[in-house]
Amino acid sequence: MKLKLHWQILIAMAIGILAGVIFQVIYKGEPTGLLYNLVVSLGTIFIRLLKMVIVPLIFSSIVSGVSSLGKGSSIGRLSAKTFTYYFVSSLLAILIGIFMTNLLQPGVGANIPVGPGFNSENIRAPQSPGEIIINMIPLNPVEAAATGHMLGIIFFSIFLGIAITKVQPESQDFLKKVFNSFFEVMMKITDYIIKIAPLGVLGLITKTVSTAGIGLFKTLSLYMITIFAGFALHLFLVLPLLFYITTRINPLNHFKAMFSAMITAFSTCSSNATLPVTMRDVEKKAGVSNTISSFVLPMGATVNMNGTALYECAGVIFISQVLGMKLTLAQQFIIALTALLSAIGAAGIPAAGVVVIFIVTQAVGFRDTDIGVIIGTMLAVDRPIDMLRTTINIFSDSMGAVIVAKSEGETGFYKNLKNPINK
């Protein structure tokens, strides 16, 4: 029987730790040799493959998602309400991620190797938030794609997706089919790359342990505590408070209604795979009409990822702490903005957290040669983080459906629940 991917990654991590210790002992902290270089090259290949798909994947994902929203007054009204909720909830998640990582500082003093010749002065920093917004508009979209100007790519993708919804129906249908097909192909390529993640983790962990020692896992434990604390704060305090303020309904009802969907999301780590269960719980248990749920929830599976947005921001600040540099307010603004915009197309991407974190780090100005090993080390503990961030993603989607339904005048929520809480 074939092992599931997360077990393969855990086994690869264990083998990488053992191999790293052996290489460290044999070569006394300065490993070299044909076998070592061969193993380490697996990690380098994996990182390069991930980089290879970033631009076409995020481009096709955003264009496909935005162009599928449709048009019309009712669609426009529902879209405005839904996007407003997704924007606010994602922004709150991002702020929590930034706050928790600056508070606990899990990367300060971490012993994780970085790329050769790293110099924090090489990190580009914008002069002002106004300059950031101006630079979002690419002078040449093709050049933006070639140079990895992620904010420019995201802006152009959103603009293109909106424009597709405004052309003639025949052209619109044709373009939607083209970009949907392109996105499916990129999803398949990404899926193939993620399948070799165990080999990539083996190479990255071997290199990390052989040069830094096993003390790095103390750093990873604090990093995980930081992420989990942020998740808990968002899931159990921020989202319920936002829900109660907008609906005046006890949020405990929603936790009870969405239990099955949350367990499914936790088990599968996939918002898309959980979507049928989410829709069933939202309609049958929460009492939202199919008109609302069939619009809000599929859109949420494409554009809303509170858990991943929180993770991306916390992860990039963690990386900056490992590199021993302090991010300016302008750079932290870039992190928040890029994570927010990346959420528009990243929710449907396999292992979105692994892929999108490269987008955010590139927007800040980190070089992949400096951060590849750090991200590979983070990937080793990504499975439990992925389980929780997917759970938060679908829970936020479902709350959005109830909030939008309430604003549209629907009533009778949670009547099918056993012992609903009315206070």
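Residues numbered from 1 in each chain as written. Predicted model: local features only at pLDDT ≥ 70, side-chain atom pairs only at ≥ 80, totals over all residues. Heavy atoms only, no water.

(A) Quick look at the overall build of the chain. Of regular secondary structure, the chain possesses 18 helices and zero strands. Residues classed as buried in the chain amount to 55% of the 423 residues present. Here the contacts in the chain between residues at least 6 apart in sequence split such that 85% fall between residues at least 24 apart. Entry remark: accessible area of the chain is about 18600 Å², with carbon and sulfur atoms responsible for 66%. (Helix = DSSP H or I, 4+ residues; strand = E, 2+ residues; numbered from the N terminus. Buried < 20%, exposed > 50% of the residue type's maximum accessible area, 1.4 Å probe, protein only. Contact = heavy atoms within 4.5 Å. Areas by Shrake-Rupley, 256 points an atom, 1.4 Å probe, with all protein chains shown as cover.)

(B) Local environment of the packing of helix H14 (residues 306-322) against helix H18 (residues 382-407). Contact geometry for H14 and H18: axes closest at 6 Å, N-to-C directions at 135°. Relative to H18, H14 is oriented oblique. Between H14 and H18, the contacting residues are Asn306, Gly307, Thr308 and Tyr311 on the first element and Asp382, Ile385, Arg389, Ile392, Asn393 and Ser396 on the second. Among the residues making up the contact of H14 with H18, the classes are represented as three nonpolar, five polar and two charged. (Axes fitted to C-alpha atoms, helices over the stretch in contact; angles between N-to-C directions. Parallel < 35°, antiparallel > 145°, perpendicular 65-115°, else oblique. Nonpolar A, V, L, I, M, F, W, Y, C, P; charged D, E, K, R; others polar.)

(C) The arrangement of the packing of aromatic side chains in detail. All told, the structure shown has nine aromatic pairs when counted by the stated rule. Between Tyr85 and Tyr86, the aromatic rings sit 5.6 Å apart at their centres with planes inclined by 55°, giving tilted as the arrangement. A single burial state applies to Tyr85 and to Tyr86, both of which are buried. Judged by centre distance (6.5 Å) and plane angle (50°), the ring pair of Phe413 and Tyr414 falls under tilted. Per residue, the accessibility class of Phe413 equals that of Tyr414, and both read buried. Ring-pair connections join several aromatic residues into one group, and the members of that group are Phe59, Phe156 and Phe179. Just above the ring of Tyr311 sits the side chain of Arg389; from NZ or CZ to the centre is 4.4 Å. (Phe/Tyr/Trp six-rings, centres within 6.5 Å; stacked < 30°, edge-to-face > 60°. Lys NZ or Arg CZ within 6 Å of the ring centre and 35° of its normal.)

(D) View of helix H2 (residues 34-67). Across its 34 residues, H2 extends 50 Å between first and last C-alpha, which sits within 8% of the 50 Å expected from 1.5 Å per residue. Along H2, the helix axis deviates most sharply at Ile54, where the bend reaches about 40°; the proline Pro56 sits within four residues downstream. (Expected span 1.5 Å × (residues − 1). Bend = angle between axes of the 7 residues up to and from the residue.)

(E) Highlighting the nonpolar core. Counting residues in each nonpolar core, the largest one holds 116 residues, and the members touching the most others are Tyr223, Ile319, Phe366 and Tyr414. When residues of this core are assigned to their parent elements, the largest contribution, 11 residues, is made by H2. When near neighbours in sequence (up to four residues on either side) are disregarded, Tyr223 contacts Pro106, Tyr311, Phe318, Met378, Val381 and Ile385. (Core = buried A, V, L, I, M, F, W, Y, C linked by side-chain atoms within 4.5 Å.)

(F) Representation of the confidence of the model for the chain. Summarising the model, the chain shows a mean pLDDT of 81, and 85% of its residues fall at 70 or more. The spread of mean pLDDT over the elements of the chain runs between helix H4 (residues 129-135), the lowest at 67, and helix H10 (residues 251-257), the highest at 93. (pLDDT = per-residue confidence, 0-100.)

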